[in-house]
Amino acid sequence: ITRIVFPEEIIYFHERACTNMEDLQSVVLSSMTTWSPGSNPKQCFSSCTSLSMITPRGVAETNGVVYLPEGCTAIPNNMLQSCNNAPIKHVIAPWAVAVPEAAFQNCSSIETVTVSADIQTIGNLAFQNCTSLTNFIAGDNSFKKLSSFGGNQNFNGCKNLSMPLNFSKSTFTSLGSQFLYGADNVSEIHLPAT
């Protein structure tokens, strides 16, 4: 199977629904797809090493782009975990307030991830070994609602992440171990008073 088109009526699916589909290249989601921090299909596209696009109905399909619809206030746990060398360059989740555990772990081709300006949580291993990641965009990047860096190794191995990280308006109280381990090009980081 190289392509899946979900009808508008399918707005939920269970975890691991498309895990290890190594030939899968494109997915069209219902425009009403709903994923939240408390309810999302874990590992839904993990280890899909040929995947190049995910789009909702009504949005132009573009190679190298994952675009999540308005009902997706969270990116699923382990969503694209171990999609090593899959030709995905950009992830656009403009309503997502959570990047949970291992969402993009070992996605070596992703360059840019865009989420809601109201991002609240970045989970354990969220971007670990995203070696091509250069930009993590959340509105104006003031991160004023970011209250949690869950677990450890959030940006571990992101060797091309070079943008300044300004968390001065955030409210999180701790950083996990190896938070930026191996992110050698980050030249500046501002932490909150908390």
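Here the structure is a predicted model, which is why all the values come from computation and not from measurement. (Residues numbered from 1 in each chain as written. Predicted model: local features only at pLDDT ≥ 70, side-chain atom pairs only at ≥ 80, totals over all residues. Heavy atoms only, no water.)

K.L.:
An account of the overall build of the protein chain is requested, with residue identities and associated values reported.
P.N.:
What the protein chain contains, in helices and strands, is 0 helices and 12 strands. Taken from the N to the C terminus, the helices and strands of the protein chain come in the order β-β-β-β-β-β-β-β-β-β-β-β. In terms of C-alpha radius of gyration, the protein chain reaches 16 Å, essentially the compact-globule figure of 16 Å for 194 residues. Dimensions of the protein chain along its principal axes, counting C-alpha atoms only, are 45 × 30 × 25 Å. Looking at the protein chain alone, contacts between residues at least 24 apart form 59% of all its contacts between residues at least 6 apart. With an accessible surface of roughly 8400 Å², the protein chain has 47% of that area assigned to carbon and sulfur atoms. Distance between charge centres in the protein chain, computed from 9 positive and 13 negative side chains, equals 3 Å. (Helix = DSSP H or I, 4+ residues; strand = E, 2+ residues; numbered from the N terminus. Rg over C-alpha atoms; globule rule 2.2 N^0.38 Å. Contact = heavy atoms within 4.5 Å. Areas by Shrake-Rupley, 256 points an atom, 1.4 Å probe, with all protein chains shown as cover. Lys, Arg positive; Asp, Glu negative; His and termini not counted. Charge placed at Lys NZ, Arg CZ, Asp CG, Glu CD.)

K.L.:
Describe the nonpolar core, listing the residues and the values that go with them.
P.N.:
Grouped together as the largest cluster of nonpolar side chains are 55 residues, with contacts concentrated most on Phe45, Leu80, Phe104, Phe127 and Phe155. Where this core is concerned, the elements lending two or more residues are strand 2 (26–29), strand 5 (90–93), strand 7 (112–115) and strand 9 (135–138). Among all residues touching Phe45, those that are not within four sequence positions of it are Phe13, Cys18, Leu24, Val27, Trp35, Leu51, Ile54, Met79, Leu80 and Cys83. (Core = buried A, V, L, I, M, F, W, Y, C linked by side-chain atoms within 4.5 Å. Buried < 20%, exposed > 50% of the residue type's maximum accessible area, 1.4 Å probe, protein only.)

K.L.:
Explain the pattern of salt bridges residue by residue, including any values.
P.N.:
As enumerated under the stated definition, the model contains 5 salt bridges in all. For Glu61, the salt bridge identified is with Arg3, shortest N-O distance 2.9 Å. On the criterion of sequence distance, the pair formed by Glu61 in the loop between strand 3 (53–56) and strand 4 (65–67) and Arg3 in strand 1 (residues 3–5) is long-range, its members being 58 residues apart. According to the relative accessible area criterion, Glu61 is partly exposed, its value standing at 39%. (Salt bridge = Lys/Arg side-chain N within 4 Å of Asp/Glu carboxyl O.)

K.L.:
Give a detailed account of unusual backbone geometry, specifying residues and quantitative values.
P.N.:
Even without being a glycine, Asn20 presents a positive backbone phi close to 65°. Considering the arrangement of structural elements, one finds Asn20 in the loop between strand 1 and strand 2. Judged by its relative accessible area of 49%, Asn20 is partly exposed. Even without being glycine, Ala102 reaches a positive phi, approximately 55°. Taking relative accessible area as the criterion, Ala102 reaches 1% and is therefore assigned buried.

K.L.:
Pulling in residues and values, what's your account of a nonpolar patch on the surface?
P.N.:
Residues Leu175, Ile189 and Leu191 make up a contiguous nonpolar surface patch of about 230 Å² in total accessible area. A residue is classified by how much of its surface remains accessible, and Leu175, at 34% relative accessible area, is partly exposed. (Patch = residues over 30% accessible without salt bridge, like charges linked within 9 Å, V, L, I, M, F, W, Y side chains within 5 Å.)

K.L.:
Before we move on, can you summarise the sheet that holds strand 9 with the specific residues and values?
P.N.:
Across the sheet, which stays open at both edges, the 7 strands sit in the order 1-2-3-4-5-7-9 with parallel pairing between neighbours. Where the open sheet ends on each side, the last strands, each with one partner, are strand 1 and strand 9. In this sheet, neighbouring strand axes are inclined to one another by 10° on average, regardless of whether the strands run parallel or antiparallel. (Pairing = 2+ DSSP bridges. Axes fitted to C-alpha atoms, helices over the stretch in contact; angles between N-to-C directions.)

K.L.:
Explain the side chain of Gln105 to me, using residue names and the numbers behind them.
P.N.:
In this fold, Gln105 is placed in the loop between strand 6 (98–99) and strand 7. Separated by 2.5 Å, the side chains of Gln105 and Gln81 make a polar contact. When sequence neighbours within four positions are dropped, the list of residues in contact with Gln105 reads Leu80, Gln81, Ser82, Leu125, Ala126 and Gln128. (Polar contact = N/O pair within 3.5 Å; in protein donor to acceptor, adjacent residues only side chain to side chain.)

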